[in-house]
Amino acid sequence: MSRSIGLSPDLVSYVRSANRSEHQALARCRVETDAMGDVARMQISPEQGAFLQLCARLVSARLAVEIGVFTGYSALATLLAMRAIHGDDARLIGCDVSEDYTGRARTYWAEAGVSDQIDLCLGDARETLGRLVKAYAGKVDMIFIDADKTGYDAYYEAALKLVRPGGLILFDNVLWGGDVARPDRIATDADTAALAALAAKVRDDDRVDMAFTTIGDGILMAVRR
Ligand SMILES: C[S@@+](CC[C@H](N)C(=O)[O-])C[C@H]1O[C@@H](n2cnc3c(N)ncnc32)[C@H](O)[C@@H]1O
């Protein structure tokens, strides 16, 4: 299934072949998540994984936070890139509410040999982030936000406290399948309204530099000033 808005299946295949191959644990995660059915749509695409990896390299990420782990693809992709730079010092803190999904994630992290570098915090990310801000304010290099859309504004405010100046915050699904450009959907759907409000807020926020990109289902990027 293509998760890239506006790209034909042929172009999606081309983009995949133009990127490097996934780590074998990422490939297994993708195949087994696809077999879970419709929920597999929640997983980022391989090209988004490659993009997150390059972002991690660009900010030389040693400590990262992810909100919305699911079956672990984006966390593992990010951690592998961080590990290539910082070795055993690389660390990712993942937040999710689902024991089932993250139980699957742990098997791929174990296969890749990085289980001890990913800390999983189970529970509502709003509460988890409150604890993380107390422990890691200003110390995080990169944060990927990919959980419930109505939580994005709260996650953004916590992320701004967590990241160091120059640290990177990324939000997935900011195109929301195209719904963010439909006033009727903004008026009637809470997720769409939250995403549109967040995009406007980040655009006008002088605490960050930002770019709204159309990779996958849209990735909004903000760098703390
Ligand atoms: C879109 S999926 C994440 C996909 C993942 N980043 C990947 O690439 O595979 C969203 C995840 O957010 C989790 N989630 C939803 N609401 C949450 C909340 N309030 N706090 C923490 N996690 C939440 C869900 O359990 C789900 O696993």
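What counts as what
Residues numbered from 1 in each chain as written. Predicted model: local features only at pLDDT ≥ 70, side-chain atom pairs only at ≥ 80, totals over all residues. Heavy atoms only, no water. Near = heavy atom within 4 Å. Polar contact = N/O pair within 3.5 Å; in protein donor to acceptor, adjacent residues only side chain to side chain. Nonpolar A, V, L, I, M, F, W, Y, C, P; charged D, E, K, R; others polar. Patch = residues over 30% accessible without salt bridge, like charges linked within 9 Å, V, L, I, M, F, W, Y side chains within 5 Å. Areas by Shrake-Rupley, 256 points an atom, 1.4 Å probe, with all protein chains shown as cover. Salt bridge = Lys/Arg side-chain N within 4 Å of Asp/Glu carboxyl O. Helix = DSSP H or I, 4+ residues; strand = E, 2+ residues; numbered from the N terminus. Buried < 20%, exposed > 50% of the residue type's maximum accessible area, 1.4 Å probe, protein only. Contact = heavy atoms within 4.5 Å.

Another aspect to go through is the site of the ligand. The ligand sits among 20 residues. The nearest are G68, S74, D96, A125 and D146. Contact between the ligand and G68: a nitrogen atom at 2.9 Å from a main-chain N or O atom of the residue. Take F70: an N or O atom from its main chain is 3.3 Å from an oxygen atom of the ligand. Broken down by class, the residue content of the shell around the ligand amounts to ten nonpolar, five polar and five charged.

There is a patch of nonpolar side chains on the surface, built from L7, L11 and Y14 and spanning about 290 Å² of accessible area. Following the sequence through the fold, L11 ends up in helix α1 (residues 9-18).

So, about the side chain of Q117. Along the chain, Q117 turns up in the loop between α5 (99-111) and β3 (118-122). Judged by its relative accessible area of 4%, Q117 is buried. Within the local environment of Q117, its side chain forms a polar contact with the backbone oxygen of G87, the two atoms lying 3.0 Å apart. If sequence neighbours within four positions are ignored, Q117 has contacts with L79, R83, G87, D88, D89, A90, R91 and L92.

No statement about biological role is implied by the geometric values presented.
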